[in-house]
Amino acid sequence: MNEIYMDNNATTKVDEAVFKEMRPYFCEFYGNPSSMHFFGGQVQKKVDEARNRVASLLGASPDEIVFTACGTESDNAAIRSALEVFPERRHVITTRVEHPAVLTLCRNLSKRGYRVTELNVDGEGRLDLDELRRAVDEDTAIVSVMWANNETGVVFPIEEIGAIVKEKGKGAFFHTDAVQAVGKIPLNMATSTVDMLSLSGHKLHAPKGIGVLYLRKGVPFRPFLVGGHQEKNRRAGTENTVGIIALGKACELAARHMDDENTRVKGMRDRLQRELLSLIPHARINGGAAERLPNTLSIAFEYVEGEAILMLLSEKGICASSGSACTSGSLEPSHVLRAMGVPFTCAHGSVRFSLSRFNTDQDVDAIIRELPPVIQRLREMSPFGREFLNR
Ligand SMILES: Cc1ncc(COP(=O)(O)O)c(C=O)c1O
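Quantities reported herein were computed from a predicted structural model and do not represent experimental measurements.

**Some details on helix 13 (residues 361-381)**
Link 1 in the chain: Along its 21 residues, helix 13 runs 31 Å from first to last C-alpha, staying within 8% of the 30 Å computed at 1.5 Å per residue.
Link 2 in the chain: Every buried residue of helix 13 is listed here: Asp363, Val364, Ile367, Leu371, Val374, Ile375 and Arg379.

**Details of the environment of asparagine 233**
Link 1 in the chain: Within the secondary structure layout, asparagine 233 lies in helix 8 (residues 230-233).
Link 2 in the chain: Taking the C-alpha atoms as reference points, asparagine 233 and glutamate 380, 147 residues apart in sequence, are found 61 Å from one another.

**Remarks on the domain arrangement of the protein chain**
Link 1 in the chain: Along its sequence, the protein chain is carved into domain 1 (4-11 + 257-390) and domain 2 (16-253).
Link 2 in the chain: Placing the centre of domain 1 and that of domain 2 at their C-alpha centroids yields a distance of 29 Å.
Link 3 in the chain: Facing 24 residues of domain 1, the contacting portion of domain 2 comprises 25 residues.
Link 4 in the chain: Of all the secondary-structure elements, those providing two or more residues to the side of domain 1 that touches domain 2 are helix 9 (241-279), strand 10 (296-301) and helix 11 (335-339).
Link 5 in the chain: A breakdown of the residues in the side of domain 1 that touches domain 2 according to their chemical character gives 8 nonpolar, 13 polar and 3 charged.

**Describing the packing of helix 4 (residues 71-85) against helix 5 (residues 100-111)**
Link 1 in the chain: Where helix 4 contacts helix 5, the two axes come as close as 9 Å, and the packing angle between them is 40°. One finds that helix 4 runs oblique with respect to helix 5. You can see that helix 4 and helix 5 cross each other, and the crossing is right-handed. Across the interface between the two elements, Gly71, Thr72, Asp75, Asn76 and Ile79 from helix 4 touch Ala101, Val102 and Leu105 from helix 5.

**Side note on the sheet that holds strand 12 (residues 321-322)**
Link 1 in the chain: Ordered by their spatial adjacency, 4 strands build an open sheet running 9-10-15-12, and the pairing between neighbours is antiparallel. Edge positions in the open sheet fall to strand 9 (283-285) and strand 12, since each of these has one partner strand only.
Link 2 in the chain: Bridging between strand 9 and strand 10 involves 3 bridges; their strand directions are antiparallel. Among the inter-strand pairings, alanine 283 is bridged to a residue of strand 10, identified as phenylalanine 301.
Link 3 in the chain: The sheet strands contacting helix 9 are strand 9, strand 10 and strand 15 (350-354), and the helix crosses strand 10 at an angle near 10°.

**What to know about the environment of isoleucine 65**
Link 1 in the chain: Position of isoleucine 65 relative to the elements: it lies in strand 2 (residues 65-68).
Link 2 in the chain: Each C-alpha atom of the pair isoleucine 65 and leucine 197 lies 9.7 Å from the other, and the pair is 132 residues apart in sequence.

**What about the pairing of strand 2?**
Link 1 in the chain: On strand 2, burial covers both faces: Ile65 and Phe67 on one face and Val66 and Thr68 on the other are all buried.
Link 2 in the chain: Judged from the 4 bridges that link them, strand 2 and strand 8 (residues 211-215) form a sheet pairing that is antiparallel. Looking at strand 8, one finds that threonine 68 is bridged to glycine 211.

**What about the nonpolar core?**
Link 1 in the chain: Ranked by size, the top nonpolar core spans 110 residues in total, and within it Val54, Tyr214, Ala246, Leu247 and Ala250 carry the most contacts.
Link 2 in the chain: Considering every element that reaches this core, the biggest residue donor is helix 9, with 13 residues.
Link 3 in the chain: Three or more residues apiece are contributed to this core by two domains, here domain 1 (4-11 + 257-390) and domain 2 (16-253).
Link 4 in the chain: Those residues in contact with alanine 246 that lie beyond four places of it in its chain are Val18, Glu21, Met22, Gly201, Ala206, Pro207 and Ile210.

**A closer look at helix 10 (residues 306-315)**
Link 1 in the chain: Restricting attention to buried positions, one finds in helix 10 the residues Gly306, Ile309, Leu310 and Leu313. Take helix 10 and look down its axis: the buried residues cluster within an arc of 95°, on one side only.

**A few points about unusual backbone geometry**
Link 1 in the chain: One non-glycine residue, lysine 170, lies in the positive phi region at around 50°.
Link 2 in the chain: On the secondary structure map, lysine 170 appears in the loop between helix 7 (158-168) and strand 6 (173-177).
Link 3 in the chain: Judged by the 14 C-beta atoms lying within 10 Å of it, lysine 170 falls in the partly exposed class.
Link 4 in the chain: Notably, asparagine 233 is not glycine yet its phi reads approximately 65°, a positive angle.
Link 5 in the chain: Exposure remark for asparagine 233: the 12 C-beta atoms within 10 Å place this residue in the exposed category.

**Looking at the sheet that holds strand 2**
Within a beta sheet, neighbouring strands are joined by backbone hydrogen bonds and run either parallel or antiparallel to one another.
Link 1 in the chain: Ordered by their spatial adjacency, 7 strands build an open sheet running 2-8-7-6-5-3-4, and the pairing between neighbours is mixed. The open sheet is flanked by strand 2 and strand 4 (115-119), the only strands paired with a single partner. Neighbour-to-neighbour, the strand axes of the sheet open up by a mean angle of 20°, direction not taken into account.
Link 2 in the chain: Bridging between strand 5 (residues 140-144) and strand 6 involves 3 bridges; their strand directions are parallel. Looking at the pairing, isoleucine 142 lines up with phenylalanine 173 of strand 6.

Basis of the calculations
Residues numbered from 1 in each chain as written. Predicted model: local features only at pLDDT ≥ 70, side-chain atom pairs only at ≥ 80, totals over all residues. Helix = DSSP H or I, 4+ residues; strand = E, 2+ residues; numbered from the N terminus. Expected span 1.5 Å × (residues − 1). Buried ≥ 20, exposed ≤ 12 C-beta atoms within 10 Å, placed from the backbone. Domains from an automatic or database assignment. Contact = placed C-beta atoms within 7 Å. Nonpolar A, V, L, I, M, F, W, Y, C, P; charged D, E, K, R; others polar. Axes fitted to C-alpha atoms, helices over the stretch in contact; angles between N-to-C directions. Parallel < 35°, antiparallel > 145°, perpendicular 65-115°, else oblique. Left-handed = near helix turned anticlockwise from the far one by under 90°. Pairing = 2+ DSSP bridges. Core = buried A, V, L, I, M, F, W, Y, C linked by C-beta atoms within 7 Å. Arc of directions from axis to C-beta.

Spelled out as structure tokens, the structure:
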């Protein structure tokens, strides 16, 4: 079965050009970049090139790039560092819709006596900047707000948020989890208010297991992993050279293709959205009125179960994901949709399609063809759905 992969916010295909770039560094050029000999030196050169490529995509300087193992590590490193730099400050600000990489850490911190403010969002997933303005105080060590949401694609006004942190925060750090934003929308650290930023290779066609923490020059930092002197003492551990080289290439490709590819991807996403809304009654877009990533469509179908939709789509070779997480046998709607106040009957029937440059118009056609009968069938099977259809 030929798969139609529309789950790119979960992970992406490694681009063939990326794989080609990393491949020789497994068996041929496998030296350790820290070695004195030529064999390590040639890998070091390639790692330097990758660092330049990542920096260039972000509008950063190569010295500001710290390679990590994943987005989760970068998020943890940023927040933990801020708390060590400011041991007297006990307040952390984040949002209710963060990825667990940030939210779980913040909730653990609140159990350890930190004051954690989780900012609310409105029904479209947008932040209330006045709430942020009221929350930031001299006790705030760090504000961590994602650039774009993984479930809905809603993009937050990062520079406006950063300006508030800088104005009211008395030196508080500003971190953004940009795992879903990098490669999809242009970012420029040269003119940004961001102090620290996380990204993850596997969301932009590099392999899993490589991430970056962007660390603005001059921002004090306490490393999460200590040991050797790698990454200028900011992240110990022998470098994942193949991952770094791959990420460098992925960033170069993203920089080169961002404009044209994202216009094409957005065109496909918008057509999918338009057609599904016109073909399926009682469907709504989660975050539809907010600014969104060009590739993400989170759509709710009333009176159906998201997991059931996904299973039936999967039988037809279509890979998407739901907004629900299964907890202890009960299907809880996702924390993001709950924070947005999406009604229970919609939150349960939410499906996320996330596209990439590898999707085609035929993929979109297939979903437009297959999904409406799936929803119809599930509504007919469900007692709530039947009642609703008979209304
Ligand atoms: C917004 C966001 N932050 C962090 C992560 C975690 O990244 P990683 O899988 O590289 O740890 C993800 C991955 O889904 C994400 O979407």
